[in-house]
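Reading the structure
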Amino acid sequence: DDIVEPQSGGMKHSFLAPLADLINFGPPCLTGSYNADDRAFDLIATCPFSKGQEVTFWYSGDCADVIVANFGFLHPLVPPCDAPGEDDEEEDWERKSNEWREESELREKELWEAYRKMDLLKEEMAVLESQLVGCDCEDGEKKRRTESAPVASGERAAAEANHKLRIRRINEQAQTNQKMMEELG
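Residues numbered from 1 in each chain as written. Predicted model: local features only at pLDDT ≥ 70, side-chain atom pairs only at ≥ 80, totals over all residues. Heavy atoms only, no water.

Remarks on the state of the cysteines
Simply put, disulfide is the name for a covalent bond between the sulfur atoms of two cysteines. One pass over the full model with this rule turns up two disulfides. Residue pairing for Cys 29: its cysteine sulfur links by disulfide to Cys 47, the two sulfurs lying 2.0 Å apart. Highlighted residues: Cys 29 in the loop between β3 (24-25) and β4 (30-35) and Cys 47 in the loop between β5 (40-45) and β6 (56-57), separated in sequence by 18 residues. A disulfide bridge connects Cys 63 with Cys 81, and the sulfur atoms are separated by 1.7 Å. Taking the torsion about the sulfur-sulfur bond, which here is approximately 80°, the covalent link between Cys 63 and Cys 81 counts as right-handed. Residue Cys 63 is located in the loop between β6 and α1 (64-71), and its partner Cys 81 is located in the loop between α1 and α2 (86-133); the two are separated by 18 residues in the primary sequence. (Disulfide = S-S within 2.5 Å. Helix = DSSP H or I, 4+ residues; strand = E, 2+ residues; numbered from the N terminus.)

Here we look at the pairing of β4
Two strands pair when backbone bridges link them, and β4 and β5 are joined in this way by six bridges, in the antiparallel orientation. Note on β5: the bridge partner recorded for Asn 35 is Ala 40. Counting the residues in the hairpin turn of β4 and β5 gives four residues, including Arg 39, whose phi is positive at 55°. (Pairing = 2+ DSSP bridges.)

Focus on the pattern of salt bridges
If you walk through the whole model with that rule in mind, you get four salt bridges. The partner of Arg 95 in a salt bridge is Glu 99, with the nearest N and O atoms 2.9 Å apart. On the criterion of helical spacing, the pair formed by Arg 95 and Glu 99 is a turn pair, its members being four residues apart in helix α2. For the salt bridge of Glu 110 with Arg 107, the shortest nitrogen-to-oxygen distance reads 2.7 Å. Highlighted residues: Glu 110 and Arg 107, both in helix α2, separated by three residues, approximately one helical turn. (Salt bridge = Lys/Arg side-chain N within 4 Å of Asp/Glu carboxyl O.)

Things to note about unusual backbone geometry
Of note, the phi angle at Arg 39 is positive, near 55°, even though the residue is not glycine. Following the sequence through the fold, Arg 39 ends up in the loop between β4 and β5. For Arg 39, a relative accessible area of 69% corresponds to the exposed category. (Buried < 20%, exposed > 50% of the residue type's maximum accessible area, 1.4 Å probe, protein only.)

Laid out in structure tokens, this is it:
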């Protein structure tokens, strides 16, 4: 792959350039650029060549490790990569380790809180379900039970209004609980 500066000042691109890729790596006496008008890869000499001198192309200014990884060879002109100091590497490792530990502890705390909320919601849902089971309700309306004893009309109206209010609150709480359960996953 060749990385070249475009003539128009656009982005750099890495690509294979047939035949140009056969030029050996060596001192930078050529520059290469893609000519979009001609749809050609232009190689231009940047230093004088003697008759019979090998034409070489400087593939990259990267260090040895990068050249080996990208091109599969090493050349004596390629500088070695800077090795990070052991102290720097150890400090970086310790810093990252501390960051990861703090992040992990934060996520553990959030998870514990979510489980606690889920347990509370489950308990609350059990209470609400037990209230609904004894309700004998349909669409929030209380069915009249034939076996129930007659009640005075004022008491009945108050009891039904109280029951409807309770059913509405139970339904609202169940919806709130459902939303919270969905958010918690």
